[in-house]
Amino acid sequence: MPHLIVEITPKITKSVDILVSAMQQALIDAELFAENDLKIRVHVVHQLVKDQVPDCIHCQLHLMPGRSVPIRQKLAEGVRASIEAIKLGFPISFTIQIFEINKDTYIKSVIGC
């Protein structure tokens with residue numbers, strides 16, 4: 001825990017490694033999680049509806065319950081700042097949402113060993 005699921009448009013794939021490293025470091029810098037507990041997945045999406053800025057990064061940060069609103073805001077701001085610090089050379093639209101995982105329905109297991 002936590003799980004950071006990131007959606008990016010194809011143009012951003014050239015910078016995916018540096019983006020993931022920056023977001024990972026932002027979460028580590030928050031001093032709330034062990035590095036080996038972070039799970040980051042990136043998916044390339046093709047927008048069907050274009051807004052004024054055609055390229056985007058959308059993040060979903062899934063956490064176990066119990067984090068205060070100020071802590072969740074700090075995490076969201078840290079991820080945003082880590083992306084903003086990278087100069088991609090073109091404008092992007094950035095969004096992040098933080099979700100609390102329902103412990104009653106969350107299952108984690110290793111299968112197929």
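A quick note: this is a predicted structure, and the numbers were derived from the prediction, not measured. (Residues numbered from 1 in each chain as written. Predicted model: local features only at pLDDT ≥ 70, side-chain atom pairs only at ≥ 80, totals over all residues. Heavy atoms only, no water.)

## Overview of the overall build of the protein
- A count of helices and strands for the protein gives two helices and four strands.
- Here the protein holds 113 residues, and the buried ones make up 31% of them.
- A separation of at least 24 residues holds for 83% of the contacts in the protein among residues at least 6 apart in sequence.
- Accessible area of the protein: about 7300 Å², with a carbon and sulfur share of 54%.
- Put simply, the protein has 12 plus and 12 minus side-chain charges, and the middle of one group is 2 Å from the middle of the other. (Helix = DSSP H or I, 4+ residues; strand = E, 2+ residues; numbered from the N terminus. Buried < 20%, exposed > 50% of the residue type's maximum accessible area, 1.4 Å probe, protein only. Contact = heavy atoms within 4.5 Å. Areas by Shrake-Rupley, 256 points an atom, 1.4 Å probe, with all protein chains shown as cover. Lys, Arg positive; Asp, Glu negative; His and termini not counted. Charge placed at Lys NZ, Arg CZ, Asp CG, Glu CD.)

## Structural notes on the pairing of strand β1 (residues 3-8)
- Burial within β1 is extensive, with five of its six residues counted as buried.
- Bridge analysis of β1 against strand β2 (residues 39-44) gives six bridges, and the strand direction is parallel. Each bridged residue has a counterpart across the sheet, and for Ile8 the counterpart in β2 is Val44.
- Crossover connection from β1 via helix α1 (residues 16-29) to parallel β2: handedness right-handed.
- In the sheet, β1 pairs with strand β3 (residues 56-63) via six bridges, with the strands oriented antiparallel. Looking across to β3, one finds that Glu7 is bridged to His58. (Pairing = 2+ DSSP bridges. Right-handed = clockwise from strand over helix to strand, strands pointing away.)

## Things to note about the side chain of Ser82
- Tracing the sequence through the fold places Ser82 in helix α2 (residues 69-84).
- Contacts of Ser82, omitting those with residues within four sequence positions, involve Ala22, Met23 and Ala26.

## Let's talk about the sheet that holds strand β4 (residues 93-100)
- Across the sheet, which stays open at both edges, the four strands sit in the order β2-β1-β3-β4 with mixed pairing between neighbours. For this open sheet the edge positions go to β2 and β4, each flanked by a neighbour on one side alone. Sheet twist, expressed as the average angle between the axes of neighbouring strands with direction ignored, equals 15°. (Axes fitted to C-alpha atoms, helices over the stretch in contact; angles between N-to-C directions.)

## A word on the pairing of β3
- A large share of β3 lies buried, amounting to eight of its eight residues.
- With burial as the criterion, each face of β3 is covered, one bearing Cys56, His58, Gln60 and His62 and the other bearing Ile57, Cys59, Leu61 and Leu63.
- Here β3 pairs with β4 via eight bridges, running parallel. Directly across from Gln60, in β4, lies its bridge partner Gln97.
- What joins β3 to β4 is α2, and the crossover it makes is right-handed.

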